[in-house]
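A closer look at the structure
Below are the chains, spelled out letter by letter.
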Amino acid sequence: MTKSVLVLPGDGIGPEIVAEATRVLDAVNARFGLGIETREALVGGVAIDAEGSPLPDDTLAAARAADAILLGAVGGPQWDDLEMAQRPEKGLLGLRSNLNLFANLRPAILYPQLAGASTLKPEVVSGLDILIVRELTGGIYFGEPRGIRTRDDGVREGFNTYVYSEPEIERIARVAFDAAMKRNRRLCSVDKANVLEVTVLWREVVKRVARDYPEVELSHMYVDNAAMQLVRAPKQFDVLVTGNMFGDILSDCAAMLTGSIGMLPSASLNESGQGMYEPIHGSAPDIAGQGVANPLATIISVAMMLRYSLQAPAAADAIERAVADVLDQGLRTADIAGPDEQPVSTRAMGDAVLAALSRH
Ligand code: NAD
Ligand code: IPM
Ligand code: MN
(Lines give C-alpha, C1' and ligand atoms only; values in the text may rest on other atoms or scores of the structure.)
(Ligands and ions follow the chains in the order given, each with its own letter.)
Protein backbone atom coordinates (compact mmCIF):
# COMPACT_ATOMS: atom_id res chain seq x y z
CA MET A 1 0.00 0.00 0.00
CA THR A 2 1.47 3.36 -0.94
CA LYS A 3 1.70 6.14 1.57
CA SER A 4 2.04 9.79 0.72
CA VAL A 5 4.32 12.36 2.28
CA LEU A 6 4.03 16.06 1.45
CA VAL A 7 7.37 17.85 1.75
CA LEU A 8 7.28 21.57 2.54
CA PRO A 9 10.84 22.95 2.67
CA GLY A 10 9.79 26.56 3.39
CA ASP A 11 12.25 29.36 4.01
CA GLY A 12 15.74 30.13 5.26
CA ILE A 13 17.57 26.96 6.25
CA GLY A 14 14.35 24.99 5.56
CA PRO A 15 15.38 23.78 2.08
CA GLU A 16 18.90 22.88 3.27
CA ILE A 17 17.83 20.73 6.22
CA VAL A 18 14.85 19.21 4.40
CA ALA A 19 17.12 18.14 1.53
CA GLU A 20 19.12 15.99 3.96
CA ALA A 21 15.98 14.66 5.67
CA THR A 22 14.38 13.64 2.37
CA ARG A 23 17.55 11.86 1.30
CA VAL A 24 17.28 9.87 4.53
CA LEU A 25 13.56 9.23 3.95
CA ASP A 26 14.27 8.05 0.38
CA ALA A 27 16.99 5.71 1.65
CA VAL A 28 14.78 3.98 4.24
CA ASN A 29 11.90 3.93 1.78
CA ALA A 30 13.99 1.90 -0.66
CA ARG A 31 15.71 -0.22 1.95
CA PHE A 32 12.57 -1.20 3.90
CA GLY A 33 10.23 -1.25 0.87
CA LEU A 34 7.86 1.23 2.48
CA GLY A 35 6.09 2.36 -0.70
CA ILE A 36 6.20 6.01 0.29
CA GLU A 37 5.53 8.59 -2.41
CA THR A 38 6.72 12.12 -1.78
CA ARG A 39 5.76 15.37 -3.42
CA GLU A 40 6.78 18.91 -2.68
CA ALA A 41 4.78 22.12 -2.30
CA LEU A 42 5.20 25.73 -1.23
CA VAL A 43 4.49 27.21 2.19
CA GLY A 44 5.57 30.36 4.00
CA GLY A 45 7.58 33.16 2.46
CA VAL A 46 8.43 31.27 -0.74
CA ALA A 47 4.69 30.70 -1.26
CA ILE A 48 3.98 34.41 -0.72
CA ASP A 49 6.59 35.28 -3.33
CA ALA A 50 5.37 32.70 -5.87
CA GLU A 51 1.62 32.70 -5.30
CA GLY A 52 0.76 35.64 -3.06
CA SER A 53 -0.33 33.53 -0.10
CA PRO A 54 1.60 31.82 2.74
CA LEU A 55 -0.70 28.80 2.41
CA PRO A 56 -1.87 28.40 -1.21
CA ASP A 57 -5.04 26.35 -1.75
CA ASP A 58 -3.19 23.62 -3.63
CA THR A 59 -0.72 23.24 -0.73
CA LEU A 60 -3.54 22.93 1.78
CA ALA A 61 -5.35 20.41 -0.43
CA ALA A 62 -2.16 18.35 -0.82
CA ALA A 63 -1.60 18.51 2.95
CA ARG A 64 -5.11 17.24 3.64
CA ALA A 65 -4.59 14.36 1.23
CA ALA A 66 -1.18 13.32 2.59
CA ASP A 67 -0.61 10.67 5.25
CA ALA A 68 2.13 12.83 6.70
CA ILE A 69 3.81 16.19 6.13
CA LEU A 70 7.47 17.04 6.55
CA LEU A 71 8.10 20.75 7.06
CA GLY A 72 11.37 22.67 7.29
CA ALA A 73 10.72 26.14 8.63
CA VAL A 74 9.00 29.35 7.58
CA GLY A 75 9.67 33.04 7.99
CA GLY A 76 12.42 35.54 7.51
CA PRO A 77 13.21 39.23 7.75
CA GLN A 78 12.10 40.00 4.19
CA TRP A 79 8.51 39.17 5.15
CA ASP A 80 8.50 40.66 8.67
CA ASP A 81 6.71 43.87 7.71
CA LEU A 82 3.70 42.19 6.13
CA GLU A 83 0.46 42.43 8.01
CA MET A 84 -0.23 39.52 10.35
CA ALA A 85 -2.63 37.58 8.06
CA GLN A 86 -0.10 37.65 5.20
CA ARG A 87 3.01 36.57 7.11
CA PRO A 88 4.83 33.28 6.38
CA GLU A 89 4.04 32.06 9.91
CA LYS A 90 0.34 32.11 8.99
CA GLY A 91 1.07 29.31 6.53
CA LEU A 92 2.30 27.09 9.33
CA LEU A 93 -0.47 28.13 11.72
CA GLY A 94 -3.05 27.56 8.96
CA LEU A 95 -1.79 24.02 8.37
CA ARG A 96 -1.97 23.27 12.08
CA SER A 97 -5.50 24.60 12.49
CA ASN A 98 -6.98 23.35 9.19
CA LEU A 99 -5.68 19.84 9.78
CA ASN A 100 -6.63 20.01 13.46
CA LEU A 101 -3.10 19.06 14.53
CA PHE A 102 -3.78 19.82 18.18
CA ALA A 103 -1.24 17.50 19.82
CA ASN A 104 2.35 18.66 19.50
CA LEU A 105 4.92 16.23 20.88
CA ARG A 106 8.36 17.72 21.49
CA PRO A 107 10.76 15.18 22.98
CA ALA A 108 13.97 16.56 24.48
CA ILE A 109 16.52 13.77 24.67
CA LEU A 110 20.18 14.27 25.37
CA TYR A 111 22.35 12.07 23.23
CA PRO A 112 25.12 11.06 25.66
CA GLN A 113 27.71 12.07 23.07
CA LEU A 114 26.48 15.68 23.37
CA ALA A 115 26.62 16.05 27.16
CA GLY A 116 29.45 18.52 26.67
CA ALA A 117 27.58 20.53 24.03
CA SER A 118 24.90 21.75 26.43
CA THR A 119 25.53 25.06 28.13
CA LEU A 120 24.49 23.32 31.37
CA LYS A 121 26.77 21.11 33.43
CA PRO A 122 26.93 17.51 32.13
CA GLU A 123 25.61 16.12 35.44
CA VAL A 124 22.51 18.33 35.18
CA VAL A 125 21.59 17.06 31.70
CA SER A 126 23.13 13.60 31.32
CA GLY A 127 20.43 10.99 30.76
CA LEU A 128 17.83 13.67 30.05
CA ASP A 129 14.67 12.29 28.41
CA ILE A 130 11.59 14.46 28.72
CA LEU A 131 8.54 14.97 26.56
CA ILE A 132 6.75 18.28 26.20
CA VAL A 133 3.15 17.91 25.07
CA ARG A 134 2.08 21.28 23.71
CA GLU A 135 -1.51 22.15 22.76
CA LEU A 136 -1.18 23.49 19.22
CA THR A 137 -4.48 24.71 17.81
CA GLY A 138 -5.91 26.84 20.59
CA GLY A 139 -5.00 29.22 23.37
CA ILE A 140 -3.76 32.74 22.81
CA TYR A 141 -2.44 31.87 19.33
CA PHE A 142 -5.96 31.45 17.96
CA GLY A 143 -8.27 33.20 20.48
CA GLU A 144 -10.72 35.83 19.24
CA PRO A 145 -11.02 38.77 19.39
CA ARG A 146 -7.55 39.85 18.41
CA GLY A 147 -6.07 42.83 16.69
CA ILE A 148 -4.78 46.35 17.03
CA ARG A 149 -7.36 49.12 17.57
CA THR A 150 -7.57 52.80 18.35
CA ARG A 151 -9.50 53.67 21.48
CA ASP A 152 -11.91 56.60 21.73
CA ASP A 153 -9.18 58.67 23.37
CA GLY A 154 -6.94 58.11 20.33
CA VAL A 155 -4.56 55.68 22.04
CA ARG A 156 -3.79 52.50 20.05
CA GLU A 157 -3.80 49.14 21.78
CA GLY A 158 -3.01 45.58 20.74
CA PHE A 159 -5.02 42.71 22.14
CA ASN A 160 -5.27 38.93 22.02
CA THR A 161 -7.55 36.48 23.76
CA TYR A 162 -6.30 33.58 25.80
CA VAL A 163 -9.12 31.05 25.72
CA TYR A 164 -9.41 27.27 26.11
CA SER A 165 -12.62 25.24 26.12
CA GLU A 166 -13.05 22.19 28.34
CA PRO A 167 -13.00 19.75 25.36
CA GLU A 168 -9.77 21.30 24.05
CA ILE A 169 -8.10 20.88 27.45
CA GLU A 170 -9.45 17.41 27.95
CA ARG A 171 -8.19 16.03 24.62
CA ILE A 172 -4.64 17.33 25.05
CA ALA A 173 -4.61 16.11 28.66
CA ARG A 174 -5.55 12.62 27.45
CA VAL A 175 -2.70 12.64 24.93
CA ALA A 176 -0.31 13.60 27.73
CA PHE A 177 -1.61 10.99 30.19
CA ASP A 178 -1.45 8.31 27.48
CA ALA A 179 2.15 9.31 26.73
CA ALA A 180 3.01 9.25 30.45
CA MET A 181 1.57 5.72 30.71
CA LYS A 182 4.06 4.57 28.07
CA ARG A 183 6.96 6.29 29.86
CA ASN A 184 7.71 6.83 33.55
CA ARG A 185 4.12 7.65 34.54
CA ARG A 186 4.79 11.15 35.78
CA LEU A 187 2.98 14.15 34.34
CA CYS A 188 3.49 17.80 35.21
CA SER A 189 0.84 20.22 33.98
CA VAL A 190 2.20 23.73 33.50
CA ASP A 191 -0.11 26.72 33.88
CA LYS A 192 -0.49 30.18 35.36
CA ALA A 193 -3.50 29.34 37.54
CA ASN A 194 -2.47 31.93 40.11
CA VAL A 195 -3.30 34.72 37.66
CA LEU A 196 -5.23 33.52 34.58
CA GLU A 197 -8.75 32.08 34.76
CA VAL A 198 -8.22 30.16 31.53
CA THR A 199 -5.60 28.11 33.32
CA VAL A 200 -7.73 27.73 36.46
CA LEU A 201 -10.07 25.80 34.17
CA TRP A 202 -7.05 24.05 32.58
CA ARG A 203 -5.93 22.77 35.99
CA GLU A 204 -9.47 21.68 36.94
CA VAL A 205 -9.94 19.69 33.72
CA VAL A 206 -6.47 18.07 33.94
CA LYS A 207 -7.31 16.94 37.50
CA ARG A 208 -10.59 15.49 36.29
CA VAL A 209 -8.92 13.55 33.46
CA ALA A 210 -6.36 12.27 36.00
CA ARG A 211 -9.09 10.16 37.62
CA ASP A 212 -8.94 7.92 34.52
CA TYR A 213 -5.18 7.47 34.98
CA PRO A 214 -4.68 6.46 38.63
CA GLU A 215 -1.20 5.10 37.87
CA VAL A 216 0.11 8.46 36.65
CA GLU A 217 1.56 10.75 39.28
CA LEU A 218 0.21 14.22 38.42
CA SER A 219 1.74 17.50 39.55
CA HIS A 220 1.06 21.13 38.66
CA MET A 221 3.55 23.92 38.25
CA TYR A 222 3.35 27.60 37.38
CA VAL A 223 5.06 28.37 34.10
CA ASP A 224 7.59 30.79 35.54
CA ASN A 225 8.76 28.16 38.03
CA ALA A 226 8.71 25.50 35.28
CA ALA A 227 11.10 27.59 33.16
CA MET A 228 13.43 27.88 36.13
CA GLN A 229 13.15 24.18 37.06
CA LEU A 230 13.91 23.13 33.46
CA VAL A 231 17.28 24.82 33.77
CA ARG A 232 17.89 23.97 37.45
CA ALA A 233 17.01 20.27 37.47
CA PRO A 234 15.41 19.13 34.21
CA LYS A 235 15.55 15.43 35.03
CA GLN A 236 12.78 15.86 37.63
CA PHE A 237 10.37 15.87 34.67
CA ASP A 238 8.99 12.98 32.63
CA VAL A 239 6.08 14.42 30.61
CA LEU A 240 5.04 18.08 30.67
CA VAL A 241 1.69 19.22 29.29
CA THR A 242 0.89 22.84 28.63
CA GLY A 243 -0.88 25.33 26.38
CA ASN A 244 0.24 26.69 23.05
CA MET A 245 2.34 29.69 24.02
CA PHE A 246 3.89 28.28 27.20
CA GLY A 247 4.78 25.13 25.25
CA ASP A 248 6.44 27.18 22.52
CA ILE A 249 8.66 28.95 25.02
CA LEU A 250 9.44 25.98 27.25
CA SER A 251 10.40 23.78 24.29
CA ASP A 252 13.04 26.23 23.05
CA CYS A 253 14.37 26.26 26.61
CA ALA A 254 14.37 22.44 26.75
CA ALA A 255 16.14 22.33 23.38
CA MET A 256 19.22 23.95 24.84
CA LEU A 257 19.43 21.19 27.46
CA THR A 258 20.11 18.77 24.61
CA GLY A 259 23.00 20.78 23.26
CA SER A 260 21.30 22.76 20.49
CA ILE A 261 17.93 23.75 19.13
CA GLY A 262 19.15 21.98 15.99
CA MET A 263 18.57 18.65 17.74
CA LEU A 264 14.87 18.86 18.68
CA PRO A 265 12.25 17.18 16.46
CA SER A 266 8.48 17.39 16.76
CA ALA A 267 5.28 15.68 15.76
CA SER A 268 1.95 17.47 15.45
CA LEU A 269 -0.93 15.01 15.38
CA ASN A 270 -4.66 15.09 14.88
CA GLU A 271 -7.27 12.62 16.08
CA SER A 272 -6.89 10.37 13.04
CA GLY A 273 -3.12 9.93 13.38
CA GLN A 274 -2.26 12.18 10.47
CA GLY A 275 0.74 14.26 11.37
CA MET A 276 3.04 17.08 10.46
CA TYR A 277 6.70 16.67 11.39
CA GLU A 278 9.17 19.49 11.78
CA PRO A 279 12.17 20.57 13.78
CA ILE A 280 11.14 22.94 16.56
CA HIS A 281 13.56 25.61 15.41
CA GLY A 282 12.90 28.30 12.85
CA SER A 283 14.33 29.35 9.52
CA ALA A 284 17.56 30.67 11.13
CA PRO A 285 18.04 33.62 8.75
CA ASP A 286 21.41 34.35 10.38
CA ILE A 287 22.92 31.15 8.90
CA ALA A 288 20.63 30.47 5.92
CA GLY A 289 22.33 29.73 2.61
CA GLN A 290 25.66 28.88 4.22
CA GLY A 291 25.22 25.11 4.36
CA VAL A 292 26.09 24.98 8.06
CA ALA A 293 22.70 24.32 9.72
CA ASN A 294 22.23 21.17 11.75
CA PRO A 295 19.88 18.82 9.85
CA LEU A 296 19.53 16.31 12.69
CA ALA A 297 16.31 17.74 14.22
CA THR A 298 14.66 17.35 10.81
CA ILE A 299 16.14 13.89 10.25
CA ILE A 300 14.90 12.77 13.69
CA SER A 301 11.51 14.28 12.79
CA VAL A 302 11.45 11.84 9.85
CA ALA A 303 11.96 9.01 12.35
CA MET A 304 8.99 10.31 14.36
CA MET A 305 6.94 10.44 11.14
CA LEU A 306 7.77 6.84 10.31
CA ARG A 307 6.80 5.77 13.81
CA TYR A 308 3.62 7.82 14.36
CA SER A 309 2.03 8.23 10.93
CA LEU A 310 3.56 5.65 8.59
CA GLN A 311 3.68 2.56 10.83
CA ALA A 312 7.30 1.85 9.99
CA PRO A 313 8.97 1.49 13.41
CA ALA A 314 11.96 -0.52 12.12
CA ALA A 315 12.85 2.28 9.69
CA ALA A 316 12.46 4.82 12.51
CA ASP A 317 14.79 2.78 14.74
CA ALA A 318 17.35 2.56 11.94
CA ILE A 319 17.41 6.34 11.52
CA GLU A 320 17.78 6.92 15.25
CA ARG A 321 20.63 4.42 15.43
CA ALA A 322 22.30 6.09 12.46
CA VAL A 323 22.10 9.49 14.18
CA ALA A 324 23.64 8.06 17.35
CA ASP A 325 26.31 6.47 15.19
CA VAL A 326 27.38 9.73 13.51
CA LEU A 327 27.53 11.43 16.88
CA ASP A 328 29.70 8.56 18.13
CA GLN A 329 32.01 9.16 15.17
CA GLY A 330 32.43 12.72 16.38
CA LEU A 331 30.63 14.48 13.51
CA ARG A 332 29.38 17.88 14.66
CA THR A 333 27.73 20.77 12.87
CA ALA A 334 28.80 24.17 14.19
CA ASP A 335 25.97 24.47 16.73
CA ILE A 336 27.07 21.30 18.58
CA ALA A 337 30.82 21.46 17.95
CA GLY A 338 33.10 22.12 20.87
CA PRO A 339 35.96 24.63 20.70
CA ASP A 340 38.40 21.93 19.59
CA GLU A 341 36.08 20.24 17.12
CA GLN A 342 36.07 20.98 13.41
CA PRO A 343 32.45 21.53 12.36
CA VAL A 344 31.02 19.73 9.33
CA SER A 345 28.51 21.07 6.80
CA THR A 346 24.81 20.30 6.58
CA ARG A 347 25.48 18.10 3.56
CA ALA A 348 28.37 16.24 5.22
CA MET A 349 26.16 15.48 8.21
CA GLY A 350 23.48 14.15 5.85
CA ASP A 351 26.09 12.06 4.01
CA ALA A 352 27.29 10.60 7.31
CA VAL A 353 23.76 9.65 8.39
CA LEU A 354 23.18 7.95 5.02
CA ALA A 355 26.43 6.05 5.34
CA ALA A 356 25.57 4.99 8.89
CA LEU A 357 22.09 3.91 7.74
CA SER A 358 23.58 1.50 5.28
CA ARG A 359 25.33 -0.17 8.24
CA HIS A 360 22.17 -0.52 10.39
P1 NAD B 1 15.35 30.29 14.94
O2 NAD B 1 14.99 29.02 15.62
O3 NAD B 1 15.17 30.34 13.47
O4 NAD B 1 16.87 30.65 15.27
C5 NAD B 1 17.32 30.88 16.60
C6 NAD B 1 18.84 30.64 16.66
O7 NAD B 1 19.08 29.23 16.57
C8 NAD B 1 19.61 31.27 15.51
O9 NAD B 1 20.84 31.75 15.97
C10 NAD B 1 19.81 30.13 14.54
O11 NAD B 1 20.96 30.25 13.72
C12 NAD B 1 19.93 28.93 15.48
N13 NAD B 1 19.43 27.71 14.84
C14 NAD B 1 18.14 27.38 14.60
N15 NAD B 1 18.07 26.21 13.95
C16 NAD B 1 19.34 25.77 13.78
C17 NAD B 1 19.91 24.63 13.17
N18 NAD B 1 19.16 23.66 12.61
N19 NAD B 1 21.25 24.51 13.17
C20 NAD B 1 22.03 25.45 13.74
N21 NAD B 1 21.55 26.57 14.33
C22 NAD B 1 20.21 26.73 14.34
O23 NAD B 1 14.49 31.44 15.66
P24 NAD B 1 14.32 33.01 15.31
O25 NAD B 1 15.63 33.58 14.87
O26 NAD B 1 13.61 33.60 16.44
O27 NAD B 1 13.32 33.03 14.08
C28 NAD B 1 13.72 33.16 12.71
C29 NAD B 1 12.51 33.01 11.81
O30 NAD B 1 11.99 31.68 11.91
C31 NAD B 1 11.34 33.92 12.17
O32 NAD B 1 10.77 34.38 10.98
C33 NAD B 1 10.40 33.03 12.92
O34 NAD B 1 9.05 33.43 12.85
C35 NAD B 1 10.60 31.73 12.22
N36 NAD B 1 10.30 30.52 13.00
C37 NAD B 1 9.73 29.49 12.32
C38 NAD B 1 9.49 28.29 12.95
C39 NAD B 1 8.88 27.19 12.17
O40 NAD B 1 8.77 27.29 10.97
N41 NAD B 1 8.47 26.10 12.80
C42 NAD B 1 9.87 28.13 14.29
C43 NAD B 1 10.47 29.20 14.96
C44 NAD B 1 10.70 30.38 14.30
C1 IPM C 1 7.29 26.86 16.55
C2 IPM C 1 7.33 28.28 16.01
C3 IPM C 1 5.94 28.74 15.61
C4 IPM C 1 5.10 28.80 16.88
C5 IPM C 1 5.83 30.07 14.84
C6 IPM C 1 6.78 30.15 13.70
C7 IPM C 1 4.43 30.29 14.37
O8 IPM C 1 7.93 29.15 16.93
O9 IPM C 1 6.83 25.97 15.83
O10 IPM C 1 7.74 26.63 17.69
O11 IPM C 1 5.12 29.81 17.60
O12 IPM C 1 4.41 27.83 17.15
MN1 MN D 1 8.85 28.11 18.62
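Residues numbered from 1 in each chain as written. Chains lettered and ligands numbered in written order. Predicted model: local features only at pLDDT ≥ 70, side-chain atom pairs only at ≥ 80, totals over all residues. Heavy atoms only, no water.

- The protein has the name 3-isopropylmalate dehydrogenase in an unreviewed UniProt entry, where Natronospirillum operosum is given as its organism.
- You can read under Function (unreviewed entry) in the UniProt record for the protein the words "Catalyzes the oxidation of 3-carboxy-2-hydroxy-4-methylpentanoate (3-isopropylmalate) to 3-carboxy-4-methyl-2-oxopentanoate. The product decarboxylates to 4-methyl-2 oxopentanoate."
- UniProt, in the comment section headed Catalytic activity (unreviewed entry), describes the protein in these words: "(2R,3S)-3-isopropylmalate + NAD(+) = 4-methyl-2-oxopentanoate + CO2 + NADH". (UniProt positions renumbered as here; feature names shortened; annotations may be inferred.)

A few points about the site of ligand 1
- Not every one of the 21 residues close to ligand 1 is listed here, only the nearest: V74, E89, G282, A284 and D286.
- Between ligand 1 and the protein, one listed contact pairs an oxygen atom with a side-chain N or O atom of E89 at 2.5 Å.
- A284 places a main-chain nitrogen or oxygen 2.8 Å from an oxygen atom of ligand 1.
- Isolated, ligand 1 exposes 800 Å² of accessible area, and the fraction of that covered by the protein chains is 69%.
- Its residues assigned to classes, the shell around ligand 1 shows ten nonpolar, seven polar and four charged. (Near = heavy atom within 4 Å. Polar contact = N/O pair within 3.5 Å; in protein donor to acceptor, adjacent residues only side chain to side chain. Areas by Shrake-Rupley, 256 points an atom, 1.4 Å probe, with all protein chains shown as cover. Nonpolar A, V, L, I, M, F, W, Y, C, P; charged D, E, K, R; others polar.)

A short note on the packing of helix 8 (residues 223-232) against helix 9 (residues 244-257)
- Axis separation between helix 8 and helix 9 bottoms out at 9 Å; the angle between their running directions is 10 degrees. By the angle between their axes, helix 8 is roughly parallel relative to helix 9. Every residue of helix 9 that contacts helix 8 at V223, A226, A227, L230 and V231 is listed here: F246, L250, C253, A254 and L257.
- Tallied by class, residues from the contact of helix 8 with helix 9 come to ten nonpolar, no polar and no charged. (Axes fitted to C-alpha atoms, helices over the stretch in contact; angles between N-to-C directions. Helix = DSSP H or I, 4+ residues; strand = E, 2+ residues; numbered from the N terminus. Parallel < 35°, antiparallel > 145°, perpendicular 65-115°, else oblique. Contact = heavy atoms within 4.5 Å.)

Topic: the environment of T150
- Its location among the elements puts T150 in strand 6 (residues 147-150).
- Leaving out residues up to four positions away in the same chain, T150 has contacts with V155 and R156.

Here we look at unusual backbone geometry
- Cis geometry marks the peptide bond from E144 to P145; its omega dihedral reads 0 degrees.
- Among the secondary structure elements, P145 is positioned in the loop between strand 5 (129-135) and strand 6.
- Even without being a glycine, N100 presents a positive backbone phi close to 60 degrees.
- The phi angle at Q311 is positive, at roughly 50 degrees, despite the residue not being glycine.
- Position of Q311 relative to the elements: it lies in the loop between helix 10 (296-308) and helix 11 (313-328).
- When its relative accessible area of 53% is taken as the criterion, Q311 is described as exposed. (Buried < 20%, exposed > 50% of the residue type's maximum accessible area, 1.4 Å probe, protein only.)

Quick notes on the sheet that holds strand 5
- Within the open sheet, the ten strands sit side by side as 2-1-3-12-11-4-5-10-8-9. Their pairing is mixed. Two strands close off the open sheet at either side, each with one partner strand: strand 2 (36-40) and strand 9 (217-222). Ignoring strand direction, the axes of neighbouring strands in this sheet form an average angle of 20 degrees.
- Both strand 5 and strand 10 (residues 239-242) contribute to a ladder of four bridges, which runs parallel. The partner of V133 across the bridge, within strand 10, is V241. (Pairing = 2+ DSSP bridges.)

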